[in-house]
Amino acid sequence: MTTLYCACCGQPFRRSSPRGPAPLYCSRDCRRQIEVRRRVWAALQAAERTASAPLPPVVPAGAGSFHRVDIVWERASA
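Since this is a predicted model, take the numbers as computed values, not measurements. (Residues numbered from 1 in each chain as written. Predicted model: local features only at pLDDT ≥ 70, side-chain atom pairs only at ≥ 80, totals over all residues. Heavy atoms only, no water.)

*Asks:* Which parts of the structure should I look at to understand the overall build of the chain?
*Replies:* Summing up its helical and strand segments, the chain has one helix and two strands in all. Reading the chain from its N terminus to its C terminus gives the helix and strand order β-β-α. Residues classed as buried in the chain amount to 10% of the 78 residues present. Within the chain, residue pairs in contact and separated by at least 24 positions form 9% of the contacts whose partners lie at least 6 positions apart. Here the chain has roughly 7500 Å² of accessible surface; of this, 57% comes from carbon and sulfur atoms. (Helix = DSSP H or I, 4+ residues; strand = E, 2+ residues; numbered from the N terminus. Buried < 20%, exposed > 50% of the residue type's maximum accessible area, 1.4 Å probe, protein only. Contact = heavy atoms within 4.5 Å. Areas by Shrake-Rupley, 256 points an atom, 1.4 Å probe, with all protein chains shown as cover.)

Below you can see the structure in the form of structure tokens.
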């Protein structure tokens, strides 16, 4: 059997069975720890995405709708 190293704590461990994919974690505790870390990382990334999103412009109440006006510059003859 081959010696593997846990992706959570780095401890060496042996595979219990040569069948199937190689396990990444040495114990159930390490699997749970990584699941918790993934949830926290996902929540932090979602919070960063919402914090970096531009805020919509604030329109005063009763101001009606604003229409964007494009300015056309013309060259004045000298």
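*Asks:* Is there a simple way to think about a nonpolar patch on the surface in this case?
*Replies:* On the surface, Val36, Val40, Trp41 and Leu44 cluster together into a nonpolar patch covering about 370 Å² of accessible area. The residue tryptophan 41 is located in helix α1 (residues 28-52) in this model. Accessibility expressed as a relative area gives 48% for tryptophan 41, which makes it partly exposed. (Patch = residues over 30% accessible without salt bridge, like charges linked within 9 Å, V, L, I, M, F, W, Y side chains within 5 Å. Salt bridge = Lys/Arg side-chain N within 4 Å of Asp/Glu carboxyl O.)

*Asks:* Looking at this model, I keep getting lost on the nonpolar core. Mind explaining?
*Replies:* Proteins that are soluble and globular tend to have nonpolar side chains buried together. Counting seven residues, the largest nonpolar core is built from Leu4, Cys6, Cys8, Phe13, Tyr25, Cys30 and Ile34. Among all residues touching phenylalanine 13, those that are not within four sequence positions of it are Thr2, Thr3, Leu4, Tyr5, Cys6, Pro23, Leu24, Tyr25 and Cys26. (Core = buried A, V, L, I, M, F, W, Y, C linked by side-chain atoms within 4.5 Å.)

*Asks:* Honestly, the side chain of arginine 15 in this entry has me stumped. Any pointers?
*Replies:* Along the chain, arginine 15 falls in the loop between β2 (12-14) and α1. There is no salt bridge for the buried arginine 15, and the closest opposite charge comes from glutamate 35, which lies 18 Å off by N-O distance. At a separation of 3.3 Å, a polar atom in the side chain of arginine 15 contacts the main-chain carbonyl oxygen of serine 17. At a separation of 3.4 Å, a polar atom in the side chain of arginine 15 contacts the main-chain carbonyl oxygen of proline 18. (Lys, Arg positive; Asp, Glu negative; His and termini not counted. Polar contact = N/O pair within 3.5 Å; in protein donor to acceptor, adjacent residues only side chain to side chain.)

*Asks:* How should I be thinking about the environment of threonine 2 in this particular structure?
*Replies:* Here threonine 2 lies in the segment before β1 (3-5). Considering only alpha carbons, one finds threonine 2 and alanine 22, 20 residues apart in sequence, at a separation of 9.9 Å. Leaving out residues up to four positions away in the same chain, threonine 2 has contacts with Phe13, Arg14 and Arg15.

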